[in-house]
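Below are the chains, spelled out letter by letter.
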Amino acid sequence: KQEELKKFHGKETVTADGKKLELFCNIGTPKDAKKAIECDGEGIGLFRSEFLFMNNTHLPNEDEQFEAYKEAVTTMGGKAVIIRTLDIGGDKDIPYLNLEKEDNPFLGYRAVRYCLANPDTYKIQLRAIIRASAFGKVKIMLPLVTTVDEVRNVKAMVEDIKKDLDAQGIDYDKDIEVGCMIETASASLIADKLAKESDFFSIGTNDLTQYTMSVDRGNPKVAYLYSAFQPSVLRSIKNIISAGNAAGIPVGMCGEAAADPLMIPLLIAFGLDEYSVNPVLVLTARCIISKWSVEEAKALADKVMELDTEKEIVDLLKASAKD
Ligand code: PEP
Ligand code: MG
């Protein structure tokens, strides 16, 4: 098995009928970028920037952040690095921010909501990311988007920062892209509108499942409902990809489902462009993608989307799996 996987090292990611896809990695620290390269990742689809804030006693300043982003970007040597801006709140607490306890932290003051309410903190991060774009291919990704306004507001901040950098003669990529994580029910339902404002999408199935199923992703008592194979979550994923495709923007997935052997044929069928996975799963995912043609995947997906329950869906996918 390990031997078979090794054959995929250094190869492109293509379906059985030759459709070229992108296989990126999820990382949590700049050091992990080395692992992504060793594991033959084609880019970084999710750089979780929280580590800089969580393993710290104070807010990291612009230069500290810049150095961390630059390290990941230079390690990737021109391959895309999608940096997700601060995704705190919910289960991720940062003690020195002294955030108030909330009754419903997953529905509360978190991620892009916190960032837009604290523009001084957010600007420092955006500036550090934009400066790092002078050293490779950087993209900015917004977590937990629920409205078009959020995207417009962040983009306005990005434009202001670019003007400041121009005035100061500091180098950056003028075409730096800004994209959305689609991981809430709201974002999924207005994916066509968000697509007009975004350079790319990345589907966060970990949260999309939580917010679609109304099930706390960490609560074992309701874990039986927490599955990306629920018909509602699959419909959501399909609609998001269709909206991105229709608008002509690339659609990726950086939730755990992107590496799930049972999910991969459905994602091929729906038209997903970029799969972002834990570095150790790159070759496995590439191997599974190579076994499916788009046509075969579509035939399976058509049957799956007719089914009514998660169990029926998983059973059919298991029975159809290619060893
Ligand atoms: C997700 O929600 O699917 C995701 C990739 O982000 P996180 O797991 O960090 O919330
Ligand atoms: Mg998430």
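In this text the structure is predicted, and so the values were computed from the model without any measurement. (Residues numbered from 1 in each chain as written. Chains lettered and ligands numbered in written order. Predicted model: local features only at pLDDT ≥ 70, side-chain atom pairs only at ≥ 80, totals over all residues. Heavy atoms only, no water.)

Okay, the overall build of the chain next. The number of helices and strands found in the chain is 15 helices and nine strands. Scaling as 2.2 N^0.38, a compact globule of 323 residues should have a C-alpha radius of gyration of about 20 Å, and the chain matches this with 19 Å. Along the first, second and third principal axes, the C-alpha set of the chain runs to 60 × 45 × 35 Å. Out of the 323 residues belonging to the chain, those deemed buried represent 53%. Element-wise, carbon and sulfur atoms account for 51% of the exposed surface of the chain, whose accessible area totals about 14300 Å². The average position of the 40 basic charges and that of the 51 acidic charges among the side chains of the chain differ by 3 Å. (Helix = DSSP H or I, 4+ residues; strand = E, 2+ residues; numbered from the N terminus. Rg over C-alpha atoms; globule rule 2.2 N^0.38 Å. Buried < 20%, exposed > 50% of the residue type's maximum accessible area, 1.4 Å probe, protein only. Areas by Shrake-Rupley, 256 points an atom, 1.4 Å probe, with all protein chains shown as cover. Lys, Arg positive; Asp, Glu negative; His and termini not counted. Charge placed at Lys NZ, Arg CZ, Asp CG, Glu CD.)

Taken together, the protein donors to the magnesium ion (ligand 2) comprise E183 (OE) and D207 (OD), at separations of 2.0 to 2.2 Å. Of this pair, E183 sits in the loop between β6 (177–182) and α8 (185–189) while D207 sits in helix α10 (residues 205–213), and the two are 24 residues apart along the sequence. (Donors = N, O, S within 2.8 Å, 3.2 Å for Na, K, Ca; no water.)

Moving on, we come to the site of ligand 1. Around ligand 1 sit 14 residues, and of these R48, R84, G204, N206 and R217 come closest. Contacts to ligand 1 include G204, whose backbone N or O atom sits 3.4 Å from an oxygen atom. In the model, an oxygen atom of ligand 1 is placed 2.9 Å from a nitrogen or oxygen of the R217 side chain. Within the complex, 98% of the 280 Å² of free accessible area of ligand 1 lies under protein. For the shell around ligand 1, the elements supplying multiple residues, two or more each, are β3 (44–48) and α10. Per-element tally for the shell around ligand 1: the top contributor is α10, with three residues. (Near = heavy atom within 4 Å. Polar contact = N/O pair within 3.5 Å; in protein donor to acceptor, adjacent residues only side chain to side chain.)

Another point: helix α7 (residues 148–168). Look at α7: 31 Å from first C-alpha to last across 21 residues, which is about the 30 Å you get at 1.5 Å a residue. Two residues or fewer past α7, G169 is found with a positive phi of approximately 70°. (Expected span 1.5 Å × (residues − 1).)

Where helix α14 (residues 294–306) meets helix α15 (residues 310–320), the closest approach of the two axes is 9 Å, and the angle between their N-to-C directions is 160°. In terms of orientation, α14 and α15 fall into the roughly antiparallel class. The two elements α14 and α15 meet at a crossing, and its hand is right-handed. On the side of α14, the interface is formed by L300, K303 and V304, while α15 contributes I313, L316, L317 and S320. The residue inventory of the contact of α14 with α15, partitioned by class, reads five nonpolar, one polar and one charged. (Axes fitted to C-alpha atoms, helices over the stretch in contact; angles between N-to-C directions. Parallel < 35°, antiparallel > 145°, perpendicular 65-115°, else oblique. Left-handed = near helix turned anticlockwise from the far one by under 90°. Contact = heavy atoms within 4.5 Å. Nonpolar A, V, L, I, M, F, W, Y, C, P; charged D, E, K, R; others polar.)

Looking at soluble globular proteins, one finds that nonpolar side chains tend to be buried together. With 99 residues, the main nonpolar core has F201 and I237 as its most contacted residues. Beyond its immediate sequence surroundings of up to four residues, F201 is in contact with C180, I182, A191, L194, A195, I240, G244, I249, P250, V251 and G252. Within the second largest apolar cluster, six residues are counted, among which are L46, I82, M181 and F200. (Core = buried A, V, L, I, M, F, W, Y, C linked by side-chain atoms within 4.5 Å.)

Quick look at the packing of aromatic side chains now. Summed over the entire model, instances satisfying the criterion amount to four aromatic pairs. When the centroid spacing of 6.1 Å and the interplanar angle of 85° are considered together, the rings of F47 and Y69 count as edge-to-face. In this pair, F47 is assigned in strand β3 and Y69 in helix α4 (residues 62–76), connecting sequence segments 22 residues apart. Relative accessible area serves as the criterion here: at 0%, Y69 is assigned to the buried category. (Phe/Tyr/Trp six-rings, centres within 6.5 Å; stacked < 30°, edge-to-face > 60°.)

What follows deals with the pattern of salt bridges. Think of it this way: side chains of opposite charge can pair up when their charged atoms draw near. Inspection of every chain in the model, using the stated rule, returns 23 salt bridges. A salt bridge links R110 to D87; its shortest N-O distance comes to 3.2 Å. Within this pair, whereas R110 is found in the loop between β4 (80–84) and α5 (111–117), its partner D87 is found in the loop between β4 and α5, the two being separated by 23 residues in sequence. Overall, D87 belongs to the buried group, its relative accessible area being 0%. Notably, a salt bridge pairs R152 with E197, separated by 3.0 Å at the nearest N-O pair. (Salt bridge = Lys/Arg side-chain N within 4 Å of Asp/Glu carboxyl O.)

Let us look at the confidence of the model for the chain. Across the chain, pLDDT averages 97, with 100% of residues at or above 70. The ipTM for the predicted assembly is 0.99, set against a pTM of 0.97. (pLDDT = per-residue confidence, 0-100.)

Attention now moves to the side chain of E42. Within the element layout of this structure, E42 appears in the loop between α2 (32–38) and β3. At 2.8 Å, the side chain of E42 and the side chain of R286 are in polar contact. Residues in contact with E42, not counting those within four places in the same chain, are T13, K20, L21, E22, L23, F24, K79 and R286.

A few words now on unusual backbone geometry. Although it is not a glycine, A111 adopts a positive phi angle of roughly 50°. With respect to the helices and strands, A111 occurs in helix α5. Even without a glycine there, the phi angle at L144 is positive, about 55°. Position of L144 among the secondary structure elements: in the loop between β5 (137–142) and α7.

Glancing now at the packing of helix α6 (residues 119–132) against α7. Helix-helix packing is described using two parameters, namely the angle between the two axes and the distance between the axes. Packing of α6 against α7 leaves a shortest axis separation of 10 Å and a crossing angle of 60°. Here α6 lies oblique to α7, going by the angle between them. Handedness of the crossing formed by α6 with α7: right-handed. Across the interface between the two elements, P119, Y122, K123, L126, R127, I130 and R131 from α6 touch V154, M157, V158, I161, D164, L165 and Q168 from α7. Tallied by class, residues from the contact of α6 with α7 come to nine nonpolar, one polar and four charged.

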